[in-house]
Amino acid sequence: MEEKNTVKKISLMALVALVISSSIGGGVFGLTSDLANASAPGPALIGWVIVGVGILMLSLSLNNLLNKEPELEGIFTYAEKGFGPFAGFISGWGYWLSAWLGNVAFATILMSAVGYFFPIFKSGQNLPSILIASILCWALTFFVNRGIEGAAAINAIVTVCKLIPIFVFIVVAIFLFKIDVFSANFWGTMSHNFAAGDVALQIKKCMMVMMWVFVGIEGASMLSSRAEKKSDAGKATIIGLISLLTIYVLASMLPYGILTQAQLASIHQPAMLYIAVEMIGPFGGYLIGIGLIISILGSWLSWTMLPAETMLLMTKSKLLPAYFGKVNDKKAPTFALVLTAGLIQLFLFTLLFTDKAYNFAYSLCTAAIIVCYILVAMYQVKYSIQHIDEKGNKAQLTFGLIALLFQISGIIMAGVSYLLLCLIAYIPGIFFYGKARQAQGEKFLSKGEIGMTIVIVIGACVGIWLIASGRMVV
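Residues numbered from 1 in each chain as written. Predicted model: local features only at pLDDT ≥ 70, side-chain atom pairs only at ≥ 80, totals over all residues. Heavy atoms only, no water.

1. Quick notes on the overall build of the protein
Argument step 1. Looking only at helices and strands, the protein features 19 helices and 0 strands.
Argument step 2. Looking at the 474 residues of the protein, the share that counts as buried comes to 57%.
Argument step 3. Counted over contacts in the protein with a minimum sequence separation of 6, partners at least 24 positions apart contribute 83%. (Helix = DSSP H or I, 4+ residues; strand = E, 2+ residues; numbered from the N terminus. Buried < 20%, exposed > 50% of the residue type's maximum accessible area, 1.4 Å probe, protein only. Contact = heavy atoms within 4.5 Å.)

This is the structure in structure tokens:
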């Protein structure tokens, strides 16, 4: 008797929820303070325009590739098809690194939010905080191990619940907004007038913060193989981006019209919680605190799914040894889930010795994923050139070129040192990649791959030197 396929598929709305939930974690709740430390409102608005256009171009590129190459599964497969298996590994391993490093950032700010209710957790990186975060990490791993599609359905419900406090915050902020507070020293310069050099420097400082809150925009494409319709993944990415950009601009810029830049820069994290207290009293703190906790748990759930799914797909593409892709009877990649949770656990304990743990974790996360985004944009450019005579591909080439320029500029301006640190984690990955190639009867590493490995090792050594010499404080 033929066995019926009982595996549930993920709907369009669930994919949209996944994109929004993957991106809206703790970032939006700490966004205003991080921006105020870097910029006055004028340069911040310019920064949002630049980042919005850059991420839109990336999203349009992803949408195009999902429609034109529907057989490809996972963000790393574009790099693999366009530039070979080693490029696919670089992209996939970077995505996996980014996903679980993001969970470390979530853990830190989650416990800071819990600290509003229970002061013992207020720092977010003391021993009690780390112990509770560890329990949550393993609980979410267990939950996702029971079935990824079921977890995606729960995530859609969580997304709705966590957006309510953010919308309340935005509405209240609109009513309390004062244009004279917002416009006071609008450009953040000594003369109070526009000065190109000073404004450009402030925009540069904003970049890593702004790019961090869009990490996860590719969440739908990572689970496109489980969607009801493959085309839904592209639609979900665009709908999710427009929703996110609206929320981020309003949530980050409105407080500039309520408190001064200096007040916002010095406010305790998570900033939205304490701004809400200033706006409407303790009730605001409780509302935003509960919303933040729900929000991060939702994002943590999404980002528990995504790195495990990445390893599963990389195994199917034979970029990692077969045991990385072992699944249980629920089709969940158990080995990948447990390995990822174990690494998060190790990293959580290092937070006892790190200042500004949240900023450090999200900077590493963003730097790692920009590598994947660069390779997506490069393949969009290559594909568009190869099919330039087909309708619409000249526009797609433009989208790809802008996305590529934006991502390269972003990593140069804001995150080269963090990228060098991420290269350290590539070294063990290259070993596993080599073993996977050997299992297929290929050389452990080809000449070109050895050359790229040498470059990665040199970069990793520079990263270690930056820390050891005190030039980079973690």
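2. A few points about the packing of helix α5 (residues 85-117) against helix α6 (residues 127-145)
Argument step 1. It is the contact of α5 with α6, at a shortest axis distance of 10 Å, that shows an interaxial angle of 120 degrees. With respect to α6, the axis of α5 lies oblique. Handedness of the α5/α6 crossing: right-handed. Across from Ala 107, Leu 110 and Met 111 in α5, the residues of α6 making contact are Ser 129, Ile 132, Ala 133 and Leu 136.
Argument step 2. Across the contact of α5 with α6, the residue classes tally to 6 nonpolar, 1 polar and no charged. (Axes fitted to C-alpha atoms, helices over the stretch in contact; angles between N-to-C directions. Parallel < 35°, antiparallel > 145°, perpendicular 65-115°, else oblique. Left-handed = near helix turned anticlockwise from the far one by under 90°. Nonpolar A, V, L, I, M, F, W, Y, C, P; charged D, E, K, R; others polar.)

3. Some points on the environment of Leu 337
Argument step 1. Within the secondary structure layout, Leu 337 lies in helix α15 (residues 334-350).
Argument step 2. Along the backbone, Leu 337 and Pro 307 are 30 residues apart, and their C-alpha atoms lie at a distance of 7.8 Å.
Argument step 3. Beyond its immediate stretch of four places on either side in the chain, Leu 337 contacts Thr 141, Val 144, Asn 145, Thr 304, Ala 308 and Ala 332.

4. Quick look at the pattern of salt bridges
Argument step 1. Per the counting criterion, the structure on display carries 2 salt bridges.
Argument step 2. The partner of Lys 81 in a salt bridge is Glu 69, with the nearest N and O atoms 3.1 Å apart. In this pair, Lys 81 is assigned in helix α4 (residues 76-83) and Glu 69 in the loop between α3 (41-68) and α4, connecting sequence segments 12 residues apart.
Argument step 3. Residue class for Glu 69 comes out buried when judged on its relative accessible area of 6%.
Argument step 4. Ionic pairing is found between Lys 81 and Glu 71, a salt bridge with its closest N-O pair at 3.5 Å. Of this pair, Lys 81 sits in helix α4 while Glu 71 sits in the loop between α3 and α4, and the two are 10 residues apart along the sequence. (Salt bridge = Lys/Arg side-chain N within 4 Å of Asp/Glu carboxyl O.)

5. Section: the state of the cysteines
Argument step 1. Across all of its chains, the model carries 0 disulfides by this definition.
Argument step 2. Cys 372 takes part in no disulfide bond, and the closest cysteine sulfur to it belongs to Cys 365, at a distance of 10.0 Å.
Argument step 3. Among the residues examined, Cys 372 registers a relative accessible area of 0% and is labelled buried. (Disulfide = S-S within 2.5 Å.)

6. Thoughts on a nonpolar patch on the surface
Argument step 1. A cluster of nonpolar side chains, namely Ile 450, Ile 454, Ile 458, Val 462 and Trp 465, defines an oily patch on the protein surface of about 460 Å² accessible area.
Argument step 2. With respect to the helices, strands and loops of the structure, Ile 450 is situated in helix α19 (residues 447-468).
Argument step 3. Using a relative accessible area of 41% as the deciding quantity, one classes Ile 450 as partly exposed. (Patch = residues over 30% accessible without salt bridge, like charges linked within 9 Å, V, L, I, M, F, W, Y side chains within 5 Å. Areas by Shrake-Rupley, 256 points an atom, 1.4 Å probe, with all protein chains shown as cover.)

7. Overview of the packing of aromatic side chains
Aromatic ring pairs are defined here through the distance separating the ring centres and the angle between the ring planes.
Argument step 1. Within the structure shown, the criterion is met by 27 aromatic pairs.
Argument step 2. On the basis of an interplanar angle of 45 degrees and a centroid distance of 6.1 Å, the ring pair of Phe 106 and Trp 212 is categorised as tilted. Here Phe 106 is found in helix α5, whereas its partner Trp 212 is found in helix α9 (residues 196-212), with 106 residues between them in sequence. The same class applies to Phe 106 and to Trp 212, which are both buried. (Phe/Tyr/Trp six-rings, centres within 6.5 Å; stacked < 30°, edge-to-face > 60°.)

8. Brief notes about the packing of helix α2 (residues 27-38) against α9
Argument step 1. Two elements in contact, α2 and α9, have axes whose closest approach is 9 Å; the angle formed by their N-to-C orientations is 170 degrees. Taken together, the axis directions place α2 and α9 in an arrangement best described as roughly antiparallel. In contact with Gly 27, Leu 31, Asp 34, Leu 35 and Ala 38 of α2, α9 contributes Gln 202, Lys 205, Cys 206, Val 209, Met 210 and Trp 212.
Argument step 2. Class assignment for the residues of the contact of α2 with α9 results in 7 nonpolar, 2 polar and 2 charged.

9. Re the side chain of Gln 407
Argument step 1. Tracing the backbone through its elements, the reader meets Gln 407 in helix α17 (residues 393-414).
Argument step 2. Excluding its chain neighbours within four sequence positions, the residues that come into contact with Gln 407 are Ile 55, Leu 58, Met 211, Ile 370, Tyr 373 and Ile 374.

10. Details of the side chain of Asn 393
Argument step 1. With respect to the element layout, Asn 393 can be found in helix α17.
Argument step 2. Note on Asn 393: relative accessible area 0%, which makes it buried.
Argument step 3. A polar contact of 3.1 Å, which involves the side chain of Asn 393, links it to the side chain of Lys 68.
Argument step 4. Not counting residues within four places of it along the chain, the set of residues in contact with Asn 393 comprises Lys 68, Ser 384, His 387 and Ile 388. (Polar contact = N/O pair within 3.5 Å; in protein donor to acceptor, adjacent residues only side chain to side chain.)

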